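Reading the structure
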Amino acid sequence: ADHHHYHGHHLATIVPIVDAAAAAAAGDRARLDHLLSEVNELCHSFYQTSRMRLTSKLMSLVHSPRPFDARLAQNLVAQGANLNPRQFGSGTTPLMGAANQGQVEIVRRLVSLGDGGPSPVGGGGRPLVDATGMTPLHHACATDAEGLTDIVDMLAGACAGDAACINARDDA
């Protein structure tokens, strides 16, 4: 089914490209601009669909009970998988959920994916927060789940001393 989806998508992209070449040859600038805009939208849509699939694969891998394949996970991130997909409404991420539920291994896997790449905790003065302003560390501390100490240590270590990453809220 995926092959047909991609095949159909490629055809939908090729037709405007061929038409754009004809418009360019005919000197029809208005038609050329319209067709190039259409191709751009189709390519953007394809990219978003591909990124969603990569993200879905990454989250399945991270949450799998099987041994973690870090190399495959890093490859998915390098290809564009989103390490921090947001829950609609709450803005929570998989790391926040895992921290709140005391899922030490899931937190370990997600934090490890931030090494040398996009960080699952934020950083550089730009913390990762949900809709209420809570960081992954806040989510961990909002529970009394087993493994809390390990999770807090991992998250604090991933923040590498970035104060905004550790405590983005201003409750003063």
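Here's a quick rundown of the structure. Source: prediction; values computed, not measured. (Residues numbered from 1 in each chain as written. Predicted model: local features only at pLDDT ≥ 70, side-chain atom pairs only at ≥ 80, totals over all residues. Heavy atoms only, no water.)

Moving on, we come to the overall build of the chain. Looking only at helices and strands, the chain features eight helices and two strands. From first element to last, N terminus to C terminus, the chain shows the α and β order α-α-α-α-α-β-β-α-α-α. Relative to its 172 residues, the chain shows a buried fraction of 35%. A separation threshold of at least 6 residues defines the contact pool for the chain, and within that pool the share at least 24 residues apart is 67%. For the chain, the exposed surface amounts to about 10,100 Å²; the carbon and sulfur share of it is 55%. (Helix = DSSP H or I, 4+ residues; strand = E, 2+ residues; numbered from the N terminus. Buried < 20%, exposed > 50% of the residue type's maximum accessible area, 1.4 Å probe, protein only. Contact = heavy atoms within 4.5 Å. Areas by Shrake-Rupley, 256 points an atom, 1.4 Å probe, with all protein chains shown as cover.)

One pass over the full model with this rule turns up three salt bridges. Ionic pairing is found between Arg 29 and Asp 33, a salt bridge with its closest N-O pair at 3.4 Å. Placement of the pair is Arg 29 and Asp 33 together in helix H2 (residues 29-62), with a separation of four residues, close to one helical turn. Overall, the relative accessible area of 57% leaves Arg 29 in the exposed class. What makes Asp 33 partly exposed here is its relative accessible area of 38%. Across the pair Arg 109 and Glu 105 runs a salt bridge, and its minimum N-O distance is 3.3 Å. On the criterion of helical spacing, the pair formed by Arg 109 and Glu 105 is a turn pair, its members being four residues apart in helix H5 (residues 104-113). Each of Glu 105, Arg 108 and Arg 109 takes part in salt bridges that share partners, so that together they form one network. (Salt bridge = Lys/Arg side-chain N within 4 Å of Asp/Glu carboxyl O.)

Turning our attention to helix H7 (residues 148-159). Over its 12 residues, H7 runs 16 Å from end to end, which matches the ideal 16 Å to within 8%, given 1.5 Å per residue. Residue Ala 160 follows H7 closely and has a positive phi angle near 50°. (Expected span 1.5 Å × (residues − 1).)

Membership of the largest hydrophobic core comes to 24 residues, with the highest contact counts inside it found for Leu 58, Val 107, Leu 110, Ile 151 and Leu 155. Elements with a minimum of two residues in this core: H2, helix H3 (70-78), helix H4 (94-100), H5, helix H6 (136-141) and H7. Excluding anything up to four places from it in sequence, Leu 58 contacts Ala 73, Leu 76, Val 77, Ala 81, Asn 82, Leu 83 and Leu 113. (Core = buried A, V, L, I, M, F, W, Y, C linked by side-chain atoms within 4.5 Å.)

Fair warning: the whole summary comes from geometry, so function is off the table for now.
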